[in-house]
Amino acid sequence: MWSNGQAERWKFANLATLTQLTLASHPTATVGWGWGSTKGFNYGVSTRAIFESNMPPLSGRWQQNNWGTIIGGDSTQLQVSANGSIPAKLCNDNCIDISTPPKGPDDLGNKAYIGGTGTDRKMFYNHELRKVYAADCPVRGHLKAGLQIIDDTGAFRGLIMVEASLADKTYGTNILTIFDLNNVV
């Protein structure tokens, strides 16, 4: 239940090694996703192990509310290892640099980092266009708090993330986005 006492209902799909949750109904919320397994929230996979797994990009659904304009779909990806077209590299044991190089004179590229300690499921993803701030690491960026999707065997299967970027009340500056990026087939 939400704090205002209104009920929510979820659909559960039991897969071989984890359970998928999808929001079925709620008086005000329109979309919600989650994953569950027998592993507790204090279990996590290290960033180094995720990077060295050579898994293909995570892909999946996302939905964004930009001051009442709802957009989203099934077509976003996140690279978490060196296996792919993005030149990913390990910054340290807790950080993966997945920045994209410039594509031309008018495109300075995208700075992007994903990190977490592996002591629990918490991770973060931060990205920023280089033309916004030219330093190597994101300073402001779009920070997405995330939880690792872990199956019953303890394998990393993806991330559930949320971004809340608040600025002026103008189109493109205040957004709430959720992501369900995984390698579950």
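Preceding block: the structure.
Residues numbered from 1 in each chain as written. Predicted model: local features only at pLDDT ≥ 70, side-chain atom pairs only at ≥ 80, totals over all residues. Heavy atoms only, no water.

Engineer: Can you break down the sheet that holds strand β5 (residues 69–78) residue by residue, with the values?
Structural biologist: Spatially, the nine strands line up as an open sheet ordered β5-β4-β12-β11-β10-β9-β8-β7-β6, and their pairing is antiparallel. Bordering the open sheet on either side are β5 and β6 (89–92), each of which pairs with just one other strand. When strand polarity is set aside, the average angle formed by the axes of neighbouring strands in this sheet is 20°. Two elements, strand β4 (residues 58–66) and β5, share eight bridges in a ladder whose sense is antiparallel. Paired with N65 across the bridge in β5 is I70. (Pairing = 2+ DSSP bridges. Helix = DSSP H or I, 4+ residues; strand = E, 2+ residues; numbered from the N terminus. Axes fitted to C-alpha atoms, helices over the stretch in contact; angles between N-to-C directions.)

Engineer: Help me get a handle on the side chain of T177, residues and values and all.
Structural biologist: Its location among the elements puts T177 in strand β12 (residues 175–182). Taking relative accessible area as the criterion, T177 reaches 0% and is therefore assigned buried. Not counting the four nearest positions on each side in its chain, T177 is found in contact with W62, Q63, Q64, M161, V162 and E163. (Buried < 20%, exposed > 50% of the residue type's maximum accessible area, 1.4 Å probe, protein only. Contact = heavy atoms within 4.5 Å.)

Engineer: How would you summarise the packing of aromatic side chains if you had to cite specific residues and measurements?
Structural biologist: Following the criterion strictly, the structure yields zero aromatic pairs and no others. The ring of Y43 carries K39 above its face, with NZ or CZ at 5.0 Å from the centroid. (Phe/Tyr/Trp six-rings, centres within 6.5 Å; stacked < 30°, edge-to-face > 60°. Lys NZ or Arg CZ within 6 Å of the ring centre and 35° of its normal.)

Engineer: If you had to explain the side chain of Q79 to someone new, which residues and values would you point to?
Structural biologist: Structurally, Q79 is set in the loop between β5 and β6. Taking the relative accessible area as the measure of exposure, Q79 reaches 5% and is therefore buried. A polar contact is formed between the side chain of Q79 and the backbone oxygen of S81, at a distance of 2.7 Å. (Polar contact = N/O pair within 3.5 Å; in protein donor to acceptor, adjacent residues only side chain to side chain.)

Engineer: Explain the state of the cysteines to me, and be specific about the residues and the numbers.
Structural biologist: Summed over all chains, the structure comprises zero disulfides. For the unlinked cysteine C91, the closest cysteine sulfur is that of C95, found at 3.2 Å. What makes C91 partly exposed here is its relative accessible area of 39%. With relative accessibility at 14%, the residue C95 sits in the buried group. (Disulfide = S-S within 2.5 Å.)

Engineer: Just give me the short version of the nonpolar core, but keep the residues and values in it.
Structural biologist: Of all hydrophobic cores here, the largest spans 21 residues; its most connected members are L78, I98, I114 and F156. Among the elements that make up this core, the one with the highest residue count is strand β11 (residues 156–165) (three residues). With near-sequence residues (within four places) excluded, I114 lies in contact with T47, L78, V80, N94, C95, I96, I98, M123, F124, Y125 and L159. (Core = buried A, V, L, I, M, F, W, Y, C linked by side-chain atoms within 4.5 Å.)

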